[in-house]
Amino acid sequence: MKREAVRISGLRVRYAPGEDPALSIDALSVAGGERLAVIGPSGSGKTTLLRAVQGLVAPSEGSVTVDGARTVSRAARSRAFRRRHAAVFQEFQLVERASVLRNVLCGRLGHAPVMSSVLGRFGADDRAVALAAIEATGLSEFAHRRVDTLSGGQRQRVAVARALAQAPDLITADEPVSNLDPVIADDILRTVMGSAGEREIAVLAVVHHPSLATAHADRVVGLSEGRIVYDSAGDPPLDASALRRIYGRSLPPQIVQDVNARERGDEQRRSPRNVA
Ligand SMILES: Nc1ncnc2c1ncn2[C@@H]1O[C@H](COP(=O)(O)OP(=O)(O)O)[C@@H](O)[C@H]1O
Ligand SMILES: [Mg+2]
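Residues numbered from 1 in each chain as written. Chains lettered and ligands numbered in written order. Predicted model: local features only at pLDDT ≥ 70, side-chain atom pairs only at ≥ 80, totals over all residues.

1. Points about the site of ligand 1
Inference 1: Close contacts around ligand 1 come from Tyr15, Ala22, Gly40, Ser42, Gly43, Ser44, Gly45, Lys46, Thr47 and Thr48, and that covers them all.
Inference 2: Looking at the shell around ligand 1 residue by residue, the class counts come to two nonpolar, seven polar and one charged. (Near = placed C-beta within 6 Å. Nonpolar A, V, L, I, M, F, W, Y, C, P; charged D, E, K, R; others polar.)

2. A few points about the sheet that holds strand 4 (residues 61–66)
Inference 1: Reading across from one edge, 2-1-4-5 is the order of the four strands in this open sheet, with antiparallel pairing throughout. Since the sheet does not close on itself, it has two edges, and those belong to strand 2 (23–31) and strand 5 (69–70), each with one partner.
Inference 2: Where strand 1 (residues 4–13) meets strand 2, eight bridges bridge the pair, whose relative direction is antiparallel. When the sheet's bridge partners are listed, leucine 11 is paired in strand 2 with isoleucine 25.
Inference 3: Contacting strand 1, strand 2 and strand 4, helix 1 (residues 46–53) crosses the sheet at an angle of about 120° to strand 1. (Pairing = 2+ DSSP bridges. Helix = DSSP H or I, 4+ residues; strand = E, 2+ residues; numbered from the N terminus. Contact = placed C-beta atoms within 7 Å. Axes fitted to C-alpha atoms, helices over the stretch in contact; angles between N-to-C directions.)

3. Regarding the pairing of strand 7 (residues 170–174)
Inference 1: Most of strand 7 sits out of view: five of its five residues are buried.
Inference 2: On strand 7, burial covers both faces: Leu170, Thr172 and Asp174 on one face and Ile171 and Ala173 on the other are all buried.
Inference 3: As defined by bridge partners, strand 6 (residues 85–88) adjoins strand 7 across four bridges and the pair is classed as parallel. Following the sheet pairing, histidine 85 is matched in strand 7 by leucine 170.
Inference 4: Here strand 7 runs beside strand 8 (residues 202–206); their pairing, made up of five bridges, is parallel. In the strand pairing of strand 8, threonine 172 is matched with leucine 204. (Buried ≥ 20, exposed ≤ 12 C-beta atoms within 10 Å, placed from the backbone.)

4. A closer look at unusual backbone geometry
Inference 1: Phi is positive for aspartate 67, close to 50°, though the residue is something other than glycine.
Inference 2: Considering the arrangement of structural elements, one finds aspartate 67 in the loop between strand 4 and strand 5.
Inference 3: A positive phi angle, near 50°, is found at alanine 167, a position not held by glycine.

5. Some details on the confidence of the model for the chain
Inference 1: Within the chain, residue pLDDT values average 88, and 92% of them lie at 70 or more.
Inference 2: Per-residue pLDDT stays below 50 along residues 267–276; that stretch engages in 15 contacts with residues further than four places along the chain or on separate chains. (pLDDT = per-residue confidence, 0-100.)

6. Quick word on helix 10 (residues 240–247)
Inference 1: Looking only at helix 10, the buried set comprises Ala242, Leu243 and Ile246. Down the axis of helix 10, the smallest arc covering the buried residues is 100°, so these residues share one side.
Inference 2: If you follow the buried residues of helix 10, they end up packed against strand 3 (35–39), helix 9 (210–216), strand 9 (219–224), strand 10 (227–231) and helix 11 (253–263).
Inference 3: Positioned one or two residues after helix 10, glycine 248 has a phi angle of 80°, which is positive. (Arc of directions from axis to C-beta.)

7. Some words on the domain arrangement of the chain
Inference 1: Each assigned domain of the chain is listed with its residue range as follows: domain 1 (1–84 + 171–276) and domain 2 (87–167).
Inference 2: Centre-to-centre separation of domain 1 and domain 2, based on C-alpha positions: 24 Å.
Inference 3: On the domain 2 side, the residues contacting the 21 residues of domain 1 number 19 residues.
Inference 4: Elements with a contribution of two residues or more to the side of domain 1 that touches domain 2: helix 3 (79–83), strand 7 and helix 8 (182–199).
Inference 5: With five residues, helix 8 is the largest single contributor of residues to the side of domain 1 that touches domain 2. (Domains from an automatic or database assignment.)

8. Focus: helix 11
Since the α-helix turns once every 3.6 residues, residues separated by three or four places project in the same direction.
Inference 1: Looking only at helix 11, the buried set comprises Val256, Asp258, Val259 and Arg262. Summarising the axial view, the buried residues of helix 11 lie within an arc of 160°, below the 170-degree limit, and thus occupy one face. Set apart from the buried face of helix 11 by more than 90 degrees, the exposed residues are Pro253, Gln254 and Gln257.
Inference 2: Considering only its buried residues, helix 11 is in contact with helix 9 and helix 10.

9. Some remarks on the environment of proline 21
Inference 1: Note on placement: proline 21 falls in the loop between strand 1 and strand 2.
Inference 2: Along the backbone, proline 21 and alanine 128 are 107 residues apart, and their C-alpha atoms lie at a distance of 45 Å.
Inference 3: Excluding its chain neighbours within four sequence positions, the residues that come into contact with proline 21 are Arg12, Val13, Arg14, Ser60 and Gly226.

Listed below in structure tokens is the structure:
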């Protein structure tokens, strides 16, 4: 059986004691190499789910494990464990005044001996891995440019390249493309999911638009009021009624059509590559 990258069981997250949980997930597993997109309306618990997996919020009940270790535990605080999980944040969290290559090399910090990483020294192997990630994200010509001279889409690619260079088992990303224009958003998601697929990295990404989710993920999970109300692994393809279940109301026909078109893998609707 395939390794499990993430396993959630009996999870309840309450932000205040006695309150209804913001998140209630009885069971959810993400297989090694699986690319899962989470969709749902604002306030449905998407960020809470990601933060629980990232170990940034503790379960009130139940457990979340990543690579078999509970996210809130001593084991999860070790350097070796943290190296295996990379997060891509919406606000990039890059070193603005450093080059693309320097930023991507930061993804290698967990692999370098402690003393070298303190001194910011990297070996030839680390540079090779970083350059490969830069190439995979279409940034080769910018490798030596300072990050603060790049566009939003290019900077987001740097964040993705850094996550890939880390060679993790799992990438989590909370709405990594929601502030980018639709063409760049599509392109970056393709890069994350494609590169992760080649490297057998599991991805758990909150995606703000259902058609982006169906276009790029292996599996789509829909949250409503903190609960999973749709899972493409067991449910029929995402249609108008599933979208209504997730978003709590009927969506405009254009959105439903777009989701269906993506599910058919209609290539003509897809945007050109390398536009950022
Ligand atoms: N730090 C917090 N303290 C209290 N309540 C929170 C906090 N973060 C989120 N919530 C509440 O939990 C619910 C889910 O929020 P969130 O996970 O951010 O949803 P989403 O990312 O889907 O918009 C919301 O009702 C929100 O108000
Ligand atoms: Mg959120």
